[in-house]
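Structure assessment
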Amino acid sequence: MGYTRRMVTTSQPVITRALWLETRDRFVNEIVEAVANYNIPDQLIINVDQTPSKFVPTENKHWNGTALPYQLIYQGKTAQSLQTTNFPEGFCLSDHEKHWSNEKETLRLINEVIHPYMQRTKTRLNLAENAKTLLIWDAFKAKLSKVVEERLKELNIISVIVPKNMTHHLQPLDLSTNGAVKKMEKHAFSEYFTSCITEEMLRDPGKDVTTIIVDLKLSTLKPRHGKLMKELDEWLLSEKGKSIILSGCKSSGITGTVRKVRSGEMSSLDPYL
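Residues numbered from 1 in each chain as written. Predicted model: local features only at pLDDT ≥ 70, side-chain atom pairs only at ≥ 80, totals over all residues. Heavy atoms only, no water.

**Structural notes on the pairing of strand S6 (residues 157-162)**
Across six bridges, the pairing between strand S5 (residues 133-138) and S6 is parallel. The partner of Trp137 across the bridge, within S6, is Ile161. Once the chain exits S5 it traverses helix H3 (residues 146-154) before rejoining the sheet at S6, and the crossover so formed is right-handed. (Pairing = 2+ DSSP bridges. Helix = DSSP H or I, 4+ residues; strand = E, 2+ residues; numbered from the N terminus. Right-handed = clockwise from strand over helix to strand, strands pointing away.)

Shown next as structure tokens:
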């Protein structure tokens, strides 16, 4: 298959405690200001993040801890590259030559995942159609485009951007959920790899284990990945999954501040007044 092993690193600028506190306070203030001014319920505070999901290893949710359907972008040029897995209703599947999100895919996420959820929630809560929704996501280029900005405005969505270079401190999904999901992905692949070795050794006990070839063809791994995505969805919708999602919201400092504003404990929304 031509696989090579590489060490992957991410460079992050040095963040002083003072800078982190100032940036966090301004970020959280922007969120609670929108919540207070427009009386946005927890169910309409949506946090979105994108993270790579690898076939061979090296999330969307709203503020009460419920995971929304996924947008899965598979590498390929045609619809034939998409999964044949019977995903839960609402999943948004796309194909892209480099499996990247772009303006088109961002609009699909908004129109096919976020907007339908908003409509259902407003109906359930008996809210007006023009009630505001708060969307918290990263400063990704496609999300900052004029077209996306106009679409958010049409849908009465207030967008709050997680500060650049601070996602590892302030993006709720990065603080809890994404790490848990990646562990499950690694565990699933480890189980598959081990089962292949075990089955071969049972067939031929005397075989040299270093000569066993594990099937890593995409045609083999894609269905397994689809099954894993369904299992992850079920897990994130469980009480355990919800608690992990909510722990990220709490760690970012958003949950506590929103509660204080709603209870009237904060006299000012501006942390520097």
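**Concerning the packing of helix H1 (residues 17-38) against helix H9 (residues 254-263)**
Interaxial distance between H1 and H9 falls to 10 Å at its minimum, and their mutual angle equals 40 degrees. Of the possible angle classes, the one that applies to H1 and H9 is oblique. Two packed elements cross with a definite hand, and for H1 against H9 that hand is right-handed. Each of Phe27, Val28, Ile31, Val32, Val35 and Ala36 in H1 lies in contact with H9, whose residues at this interface are Ile254, Thr257, Val258, Val261 and Arg262. (Axes fitted to C-alpha atoms, helices over the stretch in contact; angles between N-to-C directions. Parallel < 35°, antiparallel > 145°, perpendicular 65-115°, else oblique. Left-handed = near helix turned anticlockwise from the far one by under 90°. Contact = heavy atoms within 4.5 Å.)

**Regarding helix H6 (residues 177-203)**
Here H6 spans 39 Å end to end across 27 residues, near enough to the 39 Å set by a 1.5 Å rise per residue. Where H6 is buried, its residues meet helix H5 (172-175), helix H7 (218-236) and helix H8 (239-251). (Expected span 1.5 Å × (residues − 1).)

**Re the nonpolar core**
Of all hydrophobic cores here, the largest spans 35 residues; its most connected members are Phe27, Ile31, Ile46, Ile114, Leu134, Leu135 and Ile136. The biggest single contributor to this core is helix H2 (residues 103-124), with seven residues. Look past the residues within four positions of Leu135 in its chain and what remains in contact with it is Ile46, Val48, Ile114, Leu152, Ile157, Ile158, Ser159 and Val160. Phe87, Leu232, Ile244 and Ile245 belong to the second-largest nonpolar core, a separate cluster that totals 15 residues. (Core = buried A, V, L, I, M, F, W, Y, C linked by side-chain atoms within 4.5 Å. Buried < 20%, exposed > 50% of the residue type's maximum accessible area, 1.4 Å probe, protein only.)

**Section: the pattern of salt bridges**
On inspection of all chains with the given rule, the structure shows 10 salt bridges. Put simply, Glu149 and Lys146 hold a salt bridge, and the shortest N to O gap is 3.9 Å. With Glu149 and Lys146 both in helix H3, this residue pair falls three residues apart, about one helical turn. For Glu149, a relative accessible area of 46% corresponds to the partly exposed category. Put simply, Asp215 and Lys217 hold a salt bridge, and the shortest N to O gap is 3.0 Å. The partly exposed category is assigned to Asp215, whose relative accessible area is 27%. By relative accessible area, which is 41% here, Lys217 ends up partly exposed. Here the salt bridges do not stand alone but share partners, grouping Glu200, Arg203 and Lys207 into one network. (Salt bridge = Lys/Arg side-chain N within 4 Å of Asp/Glu carboxyl O.)

**A word on the side chain of Lys122**
With respect to the helices and strands, the residue Lys122 is situated in helix H2. The side chain of Lys122 sits in the buried core without any salt bridge; Glu129 is the nearest counter-charge, 7.3 Å away. The contacts of Lys122, once residues within four sequence positions are left out, are Leu44, Leu127, Ala128, Glu129, Asn130, Ala131, Thr133 and Leu155. (Lys, Arg positive; Asp, Glu negative; His and termini not counted.)

**As for the packing of aromatic side chains**
Applying the stated criterion across every chain, the model contains four aromatic pairs. Between Tyr70 and Phe91, the aromatic rings sit 4.9 Å apart at their centres with planes inclined by 45 degrees, giving tilted as the arrangement. Taken together, the residues span a long stretch of sequence, with Tyr70 in the loop between strand S2 (60-62) and strand S3 (71-75) and Phe91 in the loop between S3 and strand S4 (92-96) at a distance of 21 residues. On the basis of relative accessibility, which here comes to 7%, the residue Tyr70 falls in the buried class. Residue class for Phe91 comes out buried when judged on its relative accessible area of 14%. For the pair Phe189 and Phe193, a centre-to-centre distance of 6.0 Å together with 45 degrees between the ring planes defines the contact as tilted. Highlighted residues: Phe189 and Phe193, both in helix H6, separated by four residues, approximately one helical turn. Judged by its relative accessible area of 38%, Phe193 falls in the partly exposed class. Taken together, the ring pairs in this structure connect Tyr70, Phe87 and Phe91 into an aromatic cluster. Lying over the aromatic face of Trp20, Arg24 brings its terminal NZ or CZ to 5.0 Å of the ring centre. Its guanidinium or amino end placed over the ring of Tyr38, Lys132 lies 5.4 Å from that ring's centre, counting from NZ or CZ. (Phe/Tyr/Trp six-rings, centres within 6.5 Å; stacked < 30°, edge-to-face > 60°. Lys NZ or Arg CZ within 6 Å of the ring centre and 35° of its normal.)

**Here we look at unusual backbone geometry**
With a phi angle near 50 degrees, Asn39 is a residue other than glycine that sits in the positive phi range. Note that Asn39 resides in the loop between H1 and strand S1 (45-48).

By themselves, these are just geometric observations and shouldn't be taken as functional.
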